[in-house]
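A look at the structure
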Amino acid sequence: MVVDCQASSSSPSPREEAQRFLDDYDPLGDDSALENQKSGTRPVKPTPIPKAKLATLCAVRLVDPIAFTQIFPYVNEMMEHLHVTEDHSRIGFYSGLVESSFAIAQVVSIYQWARLSDIIGRRPIVLFGIFGIGLATVLFGVSTTLSGVIMARSLSGLFSGNIAVIHSVLGEITDSTNQAVAFPLYGLCWPLGAIIGPLMGGLLSNPATKFPQWFDTHFFRKYPYFLPCFAAAVIAWSGCTYGYFYLSETHPNLQRGRKENIPMSEYRDGSFEKPSEPASVRHLLTIPVVRALCLSGAGLSFIATGFDVTFVLFCYTSLQQGGLAFNTTQIGYALSISGFISIFLQLFCMPFLLRRFDHARMYNFCMGLWPFCFVLLPGLNIIARWGAADFFTGELPPTTKALVWLGIGCILTISRSAALAFSVSMILVKDAAPNPASLGVTNGIAQFAMCLSRSFSPAFASSLLAFSIGYDFVLLRYLWVLVMTTICFLGTTLSRRIAEGRRQSPRPMREAGGHTFAMAH
């Protein structure tokens, strides 16, 4: 942390200090490029990005989305393979239950990991979590009962609770001058993992059938989903090994060699003061912008997870029931297309948008895109039914197939644009932390809110779709569209509270005691 001390020879009176704060206070925050242009303020020279640290963090971050998304192409087929129900329309309920178990377990652990990282450091929490994700993924691949599948998925969720800690590491190695570049680069990890994971799940599941010359053995016939799980575990353990050697501690109070690198925010009147303590949850929730970020983040996570689950189940559902009748490989390709779109948006659009637009307004715009994702989805089934060569098998002629995939590309582009709100949210949470020591806890409660809503979103969305497709009456058949679109509009309303909360909250981690602080790596 680097500090620019603007101290006068004599200490200012409390009245003068309060007046200076009010004069300097900008309700939009430092991220408003438009305000900087209007005021004529010269832009601050960006701090060089710590490339080695960022590359290591990205490699570690890549593990989670691969392990999380690799089950999506085959999870519905897996429920049929386990014979959990004879009613095909109930498959969505059980697959949603499996996916929800991950988020429920993550909710239980996420704040505990964040709080513990403020005590023992970020590095051990990150590495232990990644190793555990690999172990839980292997157990998932060898599970032969619904209870075993849920247990393994829950264990993976417990270890994935370190996500808030990883976000905190990113906040500690960047500052406001380089985050417009660093955060989008870090944001590439999820879409890249969302490409690799579904491809692995779609291509490597059922290897005894797809690659009989290599995998036609009793083991792979008994455990047809072990291979993609094992491949994801190998990636997780490789990331853990890489992080062990190259990921250094970033907590400002626990770094090695602190005698030479003590944050100068602790330097007052010629002496070093005791490092600031993490704020309590009760105190953080009294900050309006933190409350707004938690509420809106919960809405964002519920909607985004609901769309992902709905999209996969919609693709898997037969044409006559309102879906697309895709197989696991086609679902994997569709999810990988979604990942490529995310990479393009993060790499080429996100840096410009973060520099040009106010972050709170950009977040609100992204939230406003979600209703279109659900409204347009049934149109794919209409196109497929209109040109289907075989209505019962779902076989489509080339022209109709091209139109369906073009429609998928358009809808996924809208959904990935809306999902940029996650990257913007990380910046807003970082800015909302009252001090550097509280960054882990602030990320923890924000991620807790997101994971709490995500814990029941898959079961809700999949059950709603499974219920709707059983009816011929048009209002009931598309009830899932109506309900999810309504929830999206409510989420947009919640996102507007962030800008209001920022106007009510003083800018944290910047001014205190007559000194101006600038975050740096």
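The coordinates are above.
These lines cover the structure that appears in this document, whether it is placed above or below. Computed from a predicted structure; not experimentally measured. (Residues numbered from 1 in each chain as written. Predicted model: local features only at pLDDT ≥ 70, side-chain atom pairs only at ≥ 80, totals over all residues. Heavy atoms only, no water.)

Turning to the overall build of the chain, a few remarks are in order. Summing up its helical and strand segments, the chain has 26 helices and five strands in all. Scored against the burial criterion, the 521 residues of the chain give a buried share of 55%. Long-range pairs, those at least 24 residues apart, make up 82% of the contacts in the chain with a sequence separation of at least 6. For the chain, the accessible surface area stands at approximately 22900 Å², while carbon and sulfur atoms represent 65% of it. (Helix = DSSP H or I, 4+ residues; strand = E, 2+ residues; numbered from the N terminus. Buried < 20%, exposed > 50% of the residue type's maximum accessible area, 1.4 Å probe, protein only. Contact = heavy atoms within 4.5 Å. Areas by Shrake-Rupley, 256 points an atom, 1.4 Å probe, with all protein chains shown as cover.)

Pairs may arise between side chains of opposite charge once their charged atoms sit close together. Applying the stated criterion across every chain yields a total of five salt bridges. Here Arg 61 makes a salt bridge to Asp 64, at a shortest N to O gap of 3.4 Å. Note on Asp 64: relative accessible area 11%, which makes it buried. With a closest N to O distance of 2.6 Å, Arg 122 and Asp 118 form a salt bridge. Grouping residues by exposure puts Arg 122 and Asp 118 together as buried. Among the ionic contacts, a cluster of salt bridges with common partners joins Asp 118, Arg 122 and Glu 172. (Salt bridge = Lys/Arg side-chain N within 4 Å of Asp/Glu carboxyl O.)

So, on to empty space enclosed by the protein. If you walk through the whole model with that rule in mind, you get eight cavities of 30 Å³ or more. Its boundaries defined by the atoms lining it, the largest cavity holds a volume of some 850 Å³. Forming the walls of the largest cavity are 43 residues, and the residues nearest its centre are Arg 61, Trp 190, Asp 308, Arg 416 and Phe 422. With eight residues, helix α17 (residues 288–316) is the single largest residue contributor to the lining of the largest cavity. (1 Å grid on protein atoms, 1.4 Å probe; cavity = no way out; pocket = protein on both sides within 12 Å on 5 of 7 lines; lining within 4 Å. Points joined across faces, edges and corners; volume = space filled by probe spheres on them.)

Following both chains from N to C, one finds helix α7 (residues 122–141) and helix α9 (residues 163–173) inclined at 140 degrees, their axes separated by 9 Å at the closest point. When the axis of α7 is compared with that of α9, the two are oblique. As α7 packs across α9, the resulting crossing turns out to be left-handed. Every residue of α9 that contacts α7 at Arg 122, Ile 125 and Val 126 is listed here: Val 165, Ile 166, Ser 168, Val 169 and Glu 172. Looking at side-chain class alone, the contact of α7 with α9 contains five nonpolar, one polar and two charged residues. (Axes fitted to C-alpha atoms, helices over the stretch in contact; angles between N-to-C directions. Parallel < 35°, antiparallel > 145°, perpendicular 65-115°, else oblique. Left-handed = near helix turned anticlockwise from the far one by under 90°. Nonpolar A, V, L, I, M, F, W, Y, C, P; charged D, E, K, R; others polar.)

Quick look at the side chain of Asn 162 now. With respect to the helices and strands, the residue Asn 162 is situated in the loop between α8 (146–159) and α9. Residue Asn 162 is classed as buried on the basis of its relative accessible area, which comes to 3%.

With the rule as written, the count across this model stands at 26 aromatic pairs. Between the aromatic rings of Phe 307 and Trp 370, the centroid separation amounts to 6.1 Å while the plane-to-plane angle is 55 degrees, which identifies the pairing as tilted. Of this pair, Phe 307 sits in helix α17 while Trp 370 sits in helix α20 (residues 370–376), and the two are 63 residues apart along the sequence. The class for Phe 307 is buried, based on a relative accessible area of 1%. You can call Trp 370 buried: its relative accessible area is 0%. Ring centres of Phe 314 and Trp 480 lie 6.2 Å apart, and the angle between their planes is 45 degrees; this geometry places the pair in the tilted category. Note that Phe 314 is positioned in helix α17 and Trp 480 in helix α26 (residues 479–504), a separation of 166 residues in sequence. (Phe/Tyr/Trp six-rings, centres within 6.5 Å; stacked < 30°, edge-to-face > 60°.)

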